[in-house]
Amino acid sequence: MTSKCRRCGLNRAEIYLAHSNLNLCPDCFSLLTERKVKNTIESYKMISKDDKLGVAVSGGKDSSSLAFILSNLYDKLDMTLIYIDLGVPEYSKHCLEKVEDLAKILGKDLVVYSLEDKMGFTIMDLKKTIYGRKPCSACGAIKRYLFNKIAYDFGLTKIATGHNLDDTVEALFNFYIEGNVKSLVRLKPYLPKTHPKIVPKIKPLIGLTDMECLFYASYKGLPIRTLECQFSKGSRSIRRKEILNMIVEKIPNFKHAFINSHYKRILPLIEQALKNQEMPEIYDCPLCGMPTSLKDAPCHFCKIVSLVKGELENKRMYAS
Ligand code: AMP
Ligand code: FES
Ligand code: ZN
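This is a predicted model, so every value here is computed, not measured.

> Can you break down the overall build of the chain residue by residue, with the values?
Across its full length, the chain holds 12 helices and 10 strands. Taken along its principal axes, the extent of the C-alpha atoms in the chain is 70 × 50 × 40 Å. For the chain, the proportion of contacts with a sequence separation of at least 24, taken over those separated by at least 6, is 71%. Within the structure as shown, the chain displays about 17,600 Å² of accessible surface, and the carbon and sulfur contribution to it stands at 54%.

This is the structure in structure tokens:
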């Protein structure tokens with residue numbers, strides 16, 4: 001039996017949102033999705049009209065939906081798309097094509113940062129270092145550094161990423177298990193400026209699930225990648241997401257309840273408990289000049305770079 005959309009009562013419902021027990025037609029689903037993002041942006045005061053916003057686009061469903069929704073909601077907003085080409089064979093070029101198509105559709109500028117052209121190495125070179133066969137965490141650190149550095153160099157006032165509800169619950173779940181309070185406190189929908197060279201970060205999709213982002217991107221016909229990064233297979237974060245999805249099969253609103261209780265009840269208590277702790281000092285990295293918590297030592301990014309470059313140099317010396 002086909003059911004009607006719960007919102008308009010006219011069209012055929014094509015999507016079922018189990019967490020809110022709603023059957024919706026594509027038009028009403030898209031409208032509600034955009035409204036949810038607008039509510040998130042407004043409740044955290046994420047964007048102001050004078051912002052020069054950088055949107056980190058990866059060619060995936062989340063960041064493509066994010067850029068599309070933002071340009072629909074705020075057509076006058078100064079918005080630049082940023083893509084980091086990590087040099088993963090096949091995958092990175094495929095994603096680049098998708099973000100180029102997206103930039104054309106939206107009529108927005110796209111900044112492409114090629115790790116190989118700018119830094120002289122690719123993610124594949126990390127494989128030869130201590131980061132071994134799973135370069136994902138070093139890759140994540142490189143991306144986080146570059147989002148900030150590119151935004152800072154281009155004079156952008158904020159940077160938005162496509163992290164959604166599933167990504168956030170997975171990360172929270174991990175930090176809880178590890179007891180990693182420092183990272184738990186930093187995982188916020190809006191990270192404000194804490195240093196002149198740190199550009200504020202926003203996550204407007206924090207209220208949307210993986211499935212909502214996927215449906216939204218497909219209904220809007222957005223260009224999204226069909227390849228996965230070769231290193232993502234079997235990663236711990238994917239396995240944690242699978243476990244969380246098994247819980248959701250039994251408790252449909254589990255992720256929403258988790259994130260709500262974290263932000264509304266747990267986090268304020270943790271912040272209260274940490275209130276009298278001294279703020280960690282911020283130093284300038286002696287190599288790149290960007291902020292770091294490490295005194296008289298290169299920042300995490302520069303450490304990775306010197307390690308990779310050292311390996312490449314060794315290889316060249318042995319080859320000659
Ligand atoms: P991930 O860490 O791959 O789950 O990506 C999380 C978010 O980071 C994405 O939604 C994008 O906003 C951003 N992102 C990831 N990879 C890239 C990339 N290569 N270039 C630009 N932004 C990216
Ligand atoms: Fe970073 Fe795959 S995209 S390791
Ligand atoms: Zn540095």
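> Any chance you could break down the packing of helix α7 (residues 165-178) against helix α11 (residues 254-274) for me, citing the residues and the numbers?
The N-to-C vectors of α7 and α11 enclose an angle of 65 degrees; their axes lie 10 Å apart at closest approach. Between α7 and α11 the crossing geometry is left-handed. Counted together, Leu165, Asp166, Thr168, Val169, Leu172, Phe173 and Tyr176 of α7 and Lys255, His256, Phe258, Ile259, His262, Tyr263 and Ile266 of α11 form the full contact between these two elements. Residues belonging to the contact of α7 with α11 are distributed by class as follows: nine nonpolar, three polar and two charged.

> Account for the sheet that holds strand β8 (residues 201-202), naming residues and giving values.
Spatially, six strands are ordered β5-β4-β3-β6-β8-β7 in an open sheet, and the strand pairing comes out mixed. In the strand order of this sheet, the two ends are held by β5 (109-114) and β7 (190-191), each with one partner. Of the strands in this sheet, β4 (78-85) and β5 are in contact with helix α3 (residues 91-106), which crosses β4 at around 170 degrees. Running over the sheet, helix α6 (residues 136-153) touches β3 (52-56), β4, β5, β6 (158-160) and β8 and is turned about 140 degrees from β4.

> Describe the coordination of the zinc ion (ligand 3), listing the residues and the values that go with them.
Bound to the zinc ion (ligand 3) are the protein donor atoms Cys285 (SG), Cys288 (SG), Cys299 (SG) and Cys302 (SG), situated 2.2 to 2.4 Å from the metal. Each of the four donor atoms bound to the zinc ion (ligand 3) contributes to angles spanning 105 to 117 degrees, and the resulting shape is tetrahedral. Read N to C, the donor residues that coordinate the zinc ion (ligand 3) are spaced as C-x2-C-x10-C-x2-C. With Cys288 in the loop between β9 (283-284) and β10 (291-292) and Cys302 in helix α12 (residues 300-319), the pair connects residues that are 14 residues apart, well separated along the chain. Among the residues examined, Cys288 registers a relative accessible area of 24% and is labelled partly exposed.

> Describe the pattern of salt bridges, with residues and values.
Counted according to the given criterion, the structure contains 17 salt bridges. A salt bridge links Glu42 to Lys38; the nearest nitrogen and oxygen atoms lie 3.2 Å apart. Taken together, the residues span about one helical turn, with Glu42 and Lys38 both in helix α1 (residues 26-43) at a distance of four residues. Across the pair Asp78 and Lys52 runs a salt bridge whose closest N-O atoms are separated by 3.6 Å. Of this pair, Asp78 sits in strand β4 while Lys52 sits in strand β3, and the two are 26 residues apart along the sequence. For Asp78, a relative accessible area of 35% corresponds to the partly exposed category. According to the relative accessible area criterion, Lys52 is partly exposed, its value standing at 34%. Linked through salt bridges whose partners overlap, the residues forming this network are Lys61, Asp62, Asp167, Asp210 and Lys241.

Cut-off values and rules
In this numbering scheme, every chain counts its residues from 1 along its sequence in written order. Here chains are named by letter from A upward and ligands by number from 1 upward, in the order in which they appear as written. At least 70 in pLDDT is required for a residue's local features to be given in this predicted model, at least 80 for side-chain atom pairs to be given and counted, and no such filter applies to totals for whole chains, interfaces and linings, which use all residues. Side-chain measures were taken over the full set of non-hydrogen atoms in the model, leaving aside hydrogen atoms and water. Only runs of H or I of at least four residues qualify as helices and only runs of E of at least two qualify as strands under DSSP, and these elements are numbered from the N terminus. Should any heavy atoms of two residues lie within 4.5 Å, those residues are considered in contact. To be clear on the numbers: accessible area is Shrake-Rupley with a 1.4 Å probe, and residue cover counts the displayed protein chains and nothing else. To get an axis, fit a line to the C-alpha atoms, keeping to the stretch in contact for a helix; angles then go from 0 to 180 degrees between the N-to-C directions. When the near helix sits turned anticlockwise from the far one by under a right angle, the crossing is termed left-handed; a clockwise turn instead gives a right-handed crossing. In this count, Pro and Cys sit with the nonpolar residues alongside Ala, Val, Leu, Ile, Met, Phe, Trp and Tyr, while Asp, Glu, Lys and Arg are called charged and the others, Gly among them, polar. Being paired, for any two strands, means DSSP has found at least two bridges between them. Metal coordination here is assigned from N, O and S atoms located within 2.8 Å of the ion, or within 3.2 Å for Na, K and Ca; omission of water means that sites may look incomplete. Each label reflects the angles at the metal, where four donors whose angles all fall between 85 and 135 degrees are tetrahedral, four or six donors whose opposite pairs open beyond 155 degrees and whose other angles stay between 65 and 115 are square planar or octahedral respectively, and the rest are irregular. Between buried and exposed lies partly exposed: a residue is buried under 20% and exposed over 50% of the maximum accessible area for its type, with that area taken using a 1.4 Å probe on protein chains only. Think of a salt bridge as a Lys or Arg side-chain nitrogen and an Asp or Glu carboxyl oxygen that are within 4 Å of each other.

Taken by themselves, the reported measurements are silent on function.
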